[in-house]
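Listed below, chain by chain, are the residues.
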Amino acid sequence: MIRYLKTFVTAAETASFSAAGARLGLTQSAVSAQIQRLEDDLGVLLFERTGRAVSLSDDGRRLLAQAQGVVSAYQSMRGEAGAQGAQAALAPIHIGAILTVQLGLLPGAIQRWSAAPARSAGVSTSAGSLAPLASALPHLNIVPGMSVQLLAQIDARELDLAVMIRPRIGVPADMKWITLMHEPYVAIAPKGTRGTVADWAATLPFVRYNRRSYGGDLVERYLRRHRLWVREGVELDEPEVILRMVRARLGWAMVPATLIGLPSGGVATGKAAAAGVQVLPLSGVPLTRELGVLARQSALKREPVAALVKCLTDEAQSRG
């Protein structure tokens, strides 16, 4: 909430959301979103909005001095805390992640990251094996969400980094994109279903990957490009849940394969049998989604954050 108060004070000083954003390193939409959240929390209207112009409301003028005092006090506290370098290095890391990453990449990456301090410190258990030195690591706060939501949160400085699908927009100058993997899509249908993808589209309901998500938009573009008409069934956010729906014989779907344990080549293998679905490759140019880390440049300067990103990269590479 301190961040929102600072945004409020800056917007009041500049009388402009865009100018406030330029001073704080935020987009105008991020400033507007933070002001809206602060207004919702306080239950008052802080600014009068007329087109692109903004001006303090009566409540805004009344609360401005208090907000300035809180921000000033907080900055003073941060100055004292900043003198304690070791303590600052252990500040919590706020990491956003889509569900398939939480289930697929994060456990192994965090295991690697937790073990690193123990290896460097030579800490061992009574059995002689190395043990994680948890006390030397910052607290991890893992925030779930779709990629579009995580992008908004990192833009609003609510996250240090996010593991997500690469956004279609350009990467802001104060952030960095690190590619982890290109995950191929396959078509899946209930176990024992025969025919081609076109046959499935003609006869089975389509369990759709949410079109408002980056991953679901890729599916929609593929369907249009190949003029593949589907019988709409249900629409869901997460590939893991879609897989379960198909396994329950509710229809067919197109999903990214690797992180939910499907064969990426779309051929019948032990993986497909274990998943309880029929798997087929998609025709034409391979359909993939690019998974990676979107991180704030300032966050990457922290050694624990940089180490975590390295562990995510290593874990992704281990998946082939």
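For the structure, see preceding data.
Residues numbered from 1 in each chain as written. Predicted model: local features only at pLDDT ≥ 70, side-chain atom pairs only at ≥ 80, totals over all residues. Heavy atoms only, no water.

A. Structural view of the environment of Gly261. Tracing the sequence through the fold places Gly261 in the loop between strand 9 (253-256) and helix 12 (270-275). When the C-alpha atoms of Gly261 and Gly104 are compared, they prove to be 8.7 Å apart, with 157 residues separating the residues in sequence. (Helix = DSSP H or I, 4+ residues; strand = E, 2+ residues; numbered from the N terminus.)

B. Spotlight on unusual backbone geometry. At Arg227, a residue that is not glycine, the phi angle is positive and equals roughly 50°. Within the fold, Arg227 resides in the loop between helix 10 (214-225) and strand 8 (231-236). A relative accessible area of 65% means that Arg227 is categorised as exposed. Positive phi outside glycine occurs at Arg249, with the angle close to 70°. Relative to the assigned elements, Arg249 resides in the loop between helix 11 (239-247) and strand 9. (Buried < 20%, exposed > 50% of the residue type's maximum accessible area, 1.4 Å probe, protein only.)

C. Examining the side chain of Asp217 more closely. One can find Asp217 in helix 10. Accessibility expressed as a relative area gives 16% for Asp217, which makes it buried. Setting aside anything within four residues of it in sequence, one finds Asp217 in contact with Arg168, Asn210 and Arg211. (Contact = heavy atoms within 4.5 Å.)

D. A look at empty space enclosed by the protein. Scanning the entire structure with this criterion turns up one cavity of 30 Å³ or more. Reported here for the largest cavity is a volume of approximately 70 Å³. What lines the largest cavity is Ile98, Gly145, Met146, Ser147, Ile165, Tyr209, Ser213, Tyr214, Asp237, Glu238 and Arg289. (1 Å grid on protein atoms, 1.4 Å probe; cavity = no way out; pocket = protein on both sides within 12 Å on 5 of 7 lines; lining within 4 Å. Points joined across faces, edges and corners; volume = space filled by probe spheres on them.)

By themselves, these figures tell us nothing about what the structure is for.
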